[in-house]
Amino acid sequence: MAHVPTSEGPPGSGLHQDLHWLFARLKQGLATAETAAVREHGMTLWGYTVLVAVVEAPARTQLALAQAVSVDKSKLVLILDELEDAGLVRRRPDPADRRARIIEATPEGDHALKAARADIETIENQLLADLAPSARTTLQSALQHLAGGPITKVEEDGHPKPPVHPSRSDRS
């Protein structure tokens, strides 16, 4: 695997002020480490994410689950197929709506998730090791906040419109 540089220029550079680059760099590094960790437990990173959500709310329908993990319904079906083939989840008809499916973790899925979570926690603790406990708490709270309403608003608002400046003829 190619080595990814840990920095591009000095910490005060434009890159280090760009939220997209900062988040992308963190995501890339975590994805590399965490992909290897969850593979050892028979799943992909998306599978891990879906399995976490399934265990938290086992009575979720596929539609509710897709919304909860922010993934397209068609991609979710593929992820669930992989998890089901690995014996980590099962789908059963919803008694209230036989067309809908309820997804639940199997005992094997519960076991694999606990083991994968332990590995993920080790990786995340390694990443955050240089931060004081209060800084960790602040970072976690800020990210949880931003992943809620603020990012939804940015997604819904789309590209901001440039400010309207009066033309030269409007100035007297």
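In case you missed it, the structure is sitting above this.
Since this is a predicted model, take the numbers as computed values, not measurements.

A.B. asks: Pulling in residues and values, what's your account of the pairing of strand E1 (residues 89–94)?
C.D. replies: Alignment of E1 against strand E2 (residues 97–105), held across six bridges, turns out to be antiparallel. Residue pairing in the sheet places Asp94 in a bridge with Asp97 of E2. Count of turn residues in the E1/E2 antiparallel hairpin: two residues.

A.B. asks: Report on a nonpolar patch on the surface, specifying residues and quantitative values.
C.D. replies: On the surface, Leu19, Phe23, Leu26, Leu127, Leu131, Leu139, Leu143 and Leu146 cluster together to form a nonpolar patch covering roughly 680 Å² of accessible area. At the level of secondary structure, the elements contributing two or more residues to the nonpolar patch comprise helix H1 (19–39) and helix H6 (133–146). Positionally, Leu131 belongs in the loop between helix H5 (107–128) and H6.

A.B. asks: How would you sum up the pattern of salt bridges? Please name residues and give values.
C.D. replies: Applying the stated criterion across every chain yields a total of six salt bridges. One salt bridge in this structure joins Arg92 and Glu104, with 3.2 Å as the shortest N-O distance. You can see Arg92 sitting in strand E1 and its partner Glu104 sitting in strand E2, a full twelve residues away along the chain. Residue Arg92 is classed as partly exposed on the basis of its relative accessible area, which comes to 32%.

A.B. asks: Just give me the short version of the environment of Ala112, but keep the residues and values in it.
C.D. replies: Mapped onto the fold, Ala112 is located in helix H5. For Ala112, a relative accessible area of 9% corresponds to the buried category. As a C-alpha pair, Ala112 and Leu88 span 24 residues in sequence and 7.6 Å in three-dimensional space. When neighbours within four sequence positions are excluded, Ala112 is seen to be in contact with His41, Met43 and Leu88.

A.B. asks: Give me the environment of Ile123: which residues, what numbers.
C.D. replies: Mapping Ile123 onto the fold places it in helix H5. A relative accessible area of 17% means that Ile123 is categorised as buried. A C-alpha to C-alpha distance of 7.9 Å links Ile123 and Leu30, two positions 93 residues apart in sequence. For Ile123, the contacting residues outside a window of four places in its chain are Leu30, Ala33, Glu34 and Ala37.

A.B. asks: Explain the layout of surface pockets to me, using residue names and the numbers behind them.
C.D. replies: Unfilled space is identified by rolling a water-sized probe across the atoms. The calculated volume of the largest pocket comes to roughly 2000 Å³. Lining the largest pocket we find 36 residues, and of these Leu30, Glu34, Glu124, Leu143 and Ala147 sit closest to its centre. Those elements giving two or more residues to the lining of the largest pocket turn out to be H1, helix H2 (45–56), helix H3 (62–69), H5 and H6. The biggest single contributor to the lining of the largest pocket is H1, with eight residues. Class assignment for the residues of the lining of the largest pocket results in 21 nonpolar, six polar and nine charged. Looking at the second largest pocket, its volume works out to about 300 Å³. Together, twelve residues line the second largest pocket, and Arg25, Leu26, Gly29, Leu30 and Leu127 are the ones closest to its centre. Where the lining of the second largest pocket is concerned, the elements lending two or more residues are H1 and H5. In terms of residue class, the lining of the second largest pocket is made up of seven nonpolar, four polar and one charged.

Definitions and cut-offs
Residues numbered from 1 in each chain as written. Predicted model: local features only at pLDDT ≥ 70, side-chain atom pairs only at ≥ 80, totals over all residues. Heavy atoms only, no water. Pairing = 2+ DSSP bridges. Helix = DSSP H or I, 4+ residues; strand = E, 2+ residues; numbered from the N terminus. Patch = residues over 30% accessible without salt bridge, like charges linked within 9 Å, V, L, I, M, F, W, Y side chains within 5 Å. Areas by Shrake-Rupley, 256 points an atom, 1.4 Å probe, with all protein chains shown as cover. Salt bridge = Lys/Arg side-chain N within 4 Å of Asp/Glu carboxyl O. Buried < 20%, exposed > 50% of the residue type's maximum accessible area, 1.4 Å probe, protein only. Contact = heavy atoms within 4.5 Å. 1 Å grid on protein atoms, 1.4 Å probe; cavity = no way out; pocket = protein on both sides within 12 Å on 5 of 7 lines; lining within 4 Å. Points joined across faces, edges and corners; volume = space filled by probe spheres on them. Nonpolar A, V, L, I, M, F, W, Y, C, P; charged D, E, K, R; others polar.

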